[in-house]
Each structure stands twice: as structure tokens, then as C-alpha cells.
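Structure at a glance
Listed below, chain by chain, are the residues.
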Amino acid sequence: MPVCKNCKSELVVKNGFVRGKQRFLCKACGLNFAEGDARTNEKTAAKKAMCVILYSLGKSIF
Ligand SMILES: [Zn+2]
């Protein structure tokens, strides 16, 4: 089980799915949140984009 993103509580229960991701409800503060962090996803996407750019640059140089 993850911890709450707001209060870091471990009093978290499963609360259905949102966009194919497990959603959780914090019983301590009432926050609903989905698995995985949006900022992490953004970083991963940026990293992937950077790889594609570097790859295409490498192809055009060589
Ligand atoms: Zn909480």
C-alpha cells in the first residue's frame, strides 16, 4: 500500500480505478489519489523525448 501524498498516512484504502490506475482514499485526511506520481510520469516522458532527440541527432551526424 502507498502512503498518502498529502499527510503521508498509511491509513489508505483502495477506492476504485481512475484511468486504468488504482485509486486510493486516505482515511486520515480524505484525499483521493491515484497510484504513481504525475511529476514522475512527466519526467519519464521528458526523458523519453530527450532520448528520441539525441537518437535522431546521432543519426543525422553519422
Ligand atoms: Zn492523507
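Since the structure is predicted, the reported quantities are computational estimates derived from the model, not experimental observations.

Observations regarding the overall build of the protein chain
- When its secondary structure is counted, the protein chain shows one helix and three strands.
- If you list the helices and strands of the protein chain from N to C, you get β-β-β-α.
- Counting the 62 residues in the protein chain, one finds 11% classified as buried.
- Element-wise, carbon and sulfur atoms account for 61% of the exposed surface of the protein chain, whose accessible area totals about 5200 Å².

Describing the coordination of the zinc ion
- Protein coordination at the zinc ion comes from Cys4 (SG), Cys7 (SG), Cys26 (SG) and Cys29 (SG), with a distance range of 2.2 to 2.3 Å.
- Note that the zinc ion binds four donor atoms; their angles at the metal cover 105 to 120 degrees, and the shape is tetrahedral.
- Expressed as a motif, the donor residue spacing for the zinc ion is C-x2-C-x18-C-x2-C. With Cys7 in the segment before strand E1 (12-18) and Cys26 in strand E2 (residues 21-26), this pair connects stretches of sequence that are 19 residues apart.

A look at the nonpolar core
- Core analysis: the largest hydrophobic core is formed by five residues, namely Cys4, Val12, Phe24, Cys26 and Phe33.
- Residue contacts for Phe33: discarding those within four places in its chain leaves Pro2, Val3, Cys4, Lys5, Val12, Gln22, Arg23, Phe24 and Cys26.

Here we look at the side chain of Ser9
- Within the fold, Ser9 resides in the segment before E1.
- In this view, Ser9 contacts Val3, Cys4, Cys26 and Ala28; residues no more than four positions away in its chain are not counted.

Thoughts on the confidence of the model for the protein chain
- On average, residues of the protein chain score 84 in pLDDT, and 85% of them reach the 70 mark or higher.
- Ranking the helices and strands of the protein chain by mean pLDDT puts E2 first, with 94, and helix H1 (residues 38-61) last, with 75.

Criteria and cut-off values
- Residues numbered from 1 in each chain as written.
- Predicted model: local features only at pLDDT ≥ 70, side-chain atom pairs only at ≥ 80, totals over all residues.
- Heavy atoms only, no water.
- Helix = DSSP H or I, 4+ residues; strand = E, 2+ residues; numbered from the N terminus.
- Buried < 20%, exposed > 50% of the residue type's maximum accessible area, 1.4 Å probe, protein only.
- Areas by Shrake-Rupley, 256 points an atom, 1.4 Å probe, with all protein chains shown as cover.
- Donors = N, O, S within 2.8 Å, 3.2 Å for Na, K, Ca; no water.
- Tetrahedral: all angles 85-135°; square planar, octahedral: opposite > 155°, others 65-115°.
- Core = buried A, V, L, I, M, F, W, Y, C linked by side-chain atoms within 4.5 Å.
- Contact = heavy atoms within 4.5 Å.
- pLDDT = per-residue confidence, 0-100.

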